[in-house]
Amino acid sequence: MSAPAALTKLAARVEAGTPAHRDRAVDGLRALALLAVPTGHWLLGGFTRDGSGALHNASPLSAFGFLAPASWILQMLGIFFLVGGYASVLSYRRRPATTAAWLRGRIARLGRPVLGVTAVWALLIPVLRTLGVPGDTLRTGATLVIQPLWFVGVYLVVTALTPYCVAAARRMGGWAAAPLLGAVAVTDFLRYGPYAEAVPSWLSVLNILPGWLFAYQLGVSWGEGRIGRRGARLLLAGGAVLFAVLLVVFHYPASMVGVPGETRTNSHPPSLLVLALAAAQSGAAILLHGRIGRLLRRPALWAPVVVINLSAMTILCWHQTALLAAAVPASFLGGVPGLTTGPVTAGWILARVAWMPVFAGLLVLIARRTRHFESPWRTGTRTSHARRVAAGVLAAGFAVFALGWA
C-alpha cells in the first residue's frame, strides 16, 4: 500500500472512531497551542559553544529584537489554558465519583509522563557523562528539559480550582476572570510603578496563580455557556487595546518570553501583557470556534489533530530532548550553523529553520519509545509499586540536578 493510501485509510479510521458529540474545534485549538510550544522553543532558543566544547543557552532575541512579534504568535499558553478550562468543565460534569477522585485521575494523567521523562534523564546523565559530554552541557540540557514542566505544576493547581471556577462562572459569567486581571495589574503597578524600589523582588510570584488562572477561568465560563459572541468580541477588542497600550504607553518588553540580559520579563511570572494577549486570543478562539469545527470535519485535517492530542504530554515533555539529541552530538564537531553557533547572524536564523524538520523527526522517533509513559500504570503488584517508587526517586534526583542544587 502506498503512503498516501495508508494515510487516507488512517484518516478514515480515525474519522469512523470519533464520537458525533466530540468538540473538534476545542481539540484543534489545543493541538495548535501545543505545537506552538516546541516551535517556539526550537526557533527562539539557541546555544553557544565555549572553548571546552560545552553548550550554553542563548537566545536570538538578544541580537534580533525585531523577532519579538514572533513570540506574540508562538505564545499560545492562553489558548491552552482556555481550552483546558472548557474541557475541564465537560469532564467535571461527567465525573463518575467524587471531586477528589476526578482530580486524582487528572493528576495521574499529567504526572506519569513527567515522572517518565525526568526518570529517564536521571539515568541518562551519568551515561552521557561517561561518554565525554561536558558537565556544563548536561546542566544546560537538564535546564531545558525541566523548564517546560513548570506548566504541569501550574496546570494541576488551576485544575484543582475547577469547582470554584465553575461556581464563579455561574455567579459572574465571563466577568469572573476580571478580578484575576485586576490582581495582576496591581502587582505589576507595584513592581514597575513609582514605588518599585521599595517593593521586594519576591512580590512578582503573586502573579503566578492569577496570571495563568485568568484564561482557565475564561474557558470555564465559556464551557458553562456564559461567554457568547458578544463577550468574545469584547475580549478580542479589549485585549488588543490593552496589549497596545502596555507596549506603547507603559513600555512593557515586546517579547513574550524572557530575553537574556533584560531586567524585565513578561514570563515567569506572567505580566499584565500576557493576560492582554490571552484575552485577545481567547476572544478570537471563541469567535472562530464554529469555523474551526466545520474545517475539522475533513478527515485529512482531523486525523493529525487526534494524533497530536493523544500525544500531548509526550510532545510537551520530550520536545527539548529532541533538540538536544541533535545539538549534543553536533557539539563534538565544532561550530554547526544554526545548532551550536551563537544566534547572532541572519544566517543562524535560516539555518535554524532548516533544522526544524530534523527536530520534528527526532521527536517522532523519541515519542514512539516514550508514548507508553502516558498509559495508566499497572497496580496491585510489588513490581509495579517498586517501579513507581524508583521512578519517583530518579525524578527527584534529576530535579535536584536540573535546579542546580547538586
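Cut-offs used in this document
Residues numbered from 1 in each chain as written. Predicted model: local features only at pLDDT ≥ 70, side-chain atom pairs only at ≥ 80, totals over all residues. Heavy atoms only, no water. Helix = DSSP H or I, 4+ residues; strand = E, 2+ residues; numbered from the N terminus. Expected span 1.5 Å × (residues − 1). Buried < 20%, exposed > 50% of the residue type's maximum accessible area, 1.4 Å probe, protein only. Core = buried A, V, L, I, M, F, W, Y, C linked by side-chain atoms within 4.5 Å. Phe/Tyr/Trp six-rings, centres within 6.5 Å; stacked < 30°, edge-to-face > 60°. Salt bridge = Lys/Arg side-chain N within 4 Å of Asp/Glu carboxyl O. Bend = angle between axes of the 7 residues up to and from the residue. Polar contact = N/O pair within 3.5 Å; in protein donor to acceptor, adjacent residues only side chain to side chain. Patch = residues over 30% accessible without salt bridge, like charges linked within 9 Å, V, L, I, M, F, W, Y side chains within 5 Å. Areas by Shrake-Rupley, 256 points an atom, 1.4 Å probe, with all protein chains shown as cover. Lys, Arg positive; Asp, Glu negative; His and termini not counted. Charge placed at Lys NZ, Arg CZ, Asp CG, Glu CD. Axes fitted to C-alpha atoms, helices over the stretch in contact; angles between N-to-C directions. Parallel < 35°, antiparallel > 145°, perpendicular 65-115°, else oblique. Contact = heavy atoms within 4.5 Å. Nonpolar A, V, L, I, M, F, W, Y, C, P; charged D, E, K, R; others polar.

**Student:** Looking at this structure, I do not really get helix H13 (residues 299-310). What am I missing?
**Tutor:** Residues spaced three or four apart along an α-helix face the same direction, because each turn holds 3.6 residues. Spanning 12 residues, H13 covers 16 Å between terminal C-alpha atoms, matching the ideal 16 Å at 1.5 Å per step. Inspection of H13 places Trp302, Ala303, Val305, Val306, Ile308 and Asn309 among the buried residues, and these make up the whole buried set.

**Student:** I would appreciate a short explanation of the nonpolar core in the present structure.
**Tutor:** When a protein is soluble and globular, its nonpolar side chains tend to lie buried together. In terms of nonpolar packing, the biggest core is built from 105 residues, with Phe81 and Phe398 touching the most fellow members. Examining the composition of this core, we find that 13 residues originate from one element, helix H14 (residues 312-331), more than from any other. By size, the runner-up hydrophobic cluster in this structure holds five residues, among which are Leu44, Phe64, Leu67 and Val259.

**Student:** What should I look at first to understand the packing of aromatic side chains in this one?
**Tutor:** Each pair of aromatic rings is reported with the distance of its centres and the angle of its planes. What the rule picks out here adds up to 18 aromatic pairs. Seen in terms of ring centroids, Phe81 and Phe151 are 5.5 Å apart; in terms of plane orientation they differ by 70 degrees. Their pairing is edge-to-face. Within this pair, whereas Phe81 is found in helix H4 (residues 77-93), its partner Phe151 is found in helix H7 (residues 150-160), the two being separated by 70 residues in sequence. Taken as a pair, Phe81 and Phe151 share a single burial class, namely buried. With 5.3 Å between their ring centres and 70 degrees between their planes, Tyr92 and Trp102 make a pair best called edge-to-face. Taken together, the residues span a long stretch of sequence, with Tyr92 in helix H4 and Trp102 in helix H5 (residues 99-130) at a distance of 10 residues.

**Student:** Would you mind showing me how to read the pattern of salt bridges here?
**Tutor:** Oppositely charged side chains can form a pair if their charged atoms are brought close together. With the rule as written, the count across this model stands at six salt bridges. The salt bridge partner of Asp27 is Arg22, with a shortest N-O separation of 2.7 Å. A single network of salt bridges, built from pairs that share partners, joins Arg22, Asp27 and Arg30.

**Student:** It is not clear to me how H5 should be interpreted in this structure. Could you clarify?
**Tutor:** Taking 1.5 Å as the rise per residue, H5 with 32 residues should run 46 Å; its terminal C-alpha atoms sit 47 Å apart, in good agreement. The sharpest bend along H5 comes to roughly 30 degrees, located at Leu124, with the proline Pro126 sitting one to four residues further on. With its phi angle positive at about 100 degrees, Gly132 sits one or two positions after the end of H5.

**Student:** Quick question: what am I supposed to make of unusual backbone geometry here?
**Tutor:** Among all residues except glycine, the phi angle is most often negative; among peptide bonds, the trans geometry is most common. Of note, the amide linkage connecting His268 to Pro269 takes the cis form, showing an omega dihedral of 5 degrees. Position of Pro269 among the secondary structure elements: in the loop between helix H11 (229-248) and helix H12 (272-295). The residue His251 is not glycine, and still its phi comes out positive at about 55 degrees. Its place among the elements puts His251 in the loop between H11 and H12. Of the residues examined, His251 reaches a relative accessible area of 60% and is grouped as exposed.

**Student:** Can you help me understand the side chain of Thr321 in this one?
**Tutor:** Inspection of the secondary structure puts Thr321 in helix H14. There is a polar contact of 3.0 Å between the side chain of Thr321 and the side chain of Trp121.

**Student:** Whenever I open this one, a positive patch on the surface confuses me. Can you help?
**Tutor:** Taken together, the side chains of Arg229, Arg233, Arg291 and Arg294 present a region of like positive charge at the surface. Secondary-structure elements contributing two or more residues to the positive patch are H11 and H12. Of the residues examined, Arg233 reaches a relative accessible area of 48% and is grouped as partly exposed.

**Student:** Which parts of the structure should I look at to understand the packing of H5 against H7?
**Tutor:** Running from N to C, H5 and H7 cross one another at 175 degrees; their axes reach a closest spacing of 10 Å. When the axes of H5 and H7 are compared, the pair comes out roughly antiparallel. Contacts from Trp102, Leu103, Arg106, Ile107, Leu110 and Val114 of H5 reach H7 at Val152, Tyr155, Leu156, Thr159 and Ala160. For the contact of H5 with H7, the class distribution of residues is nine nonpolar, one polar and one charged.

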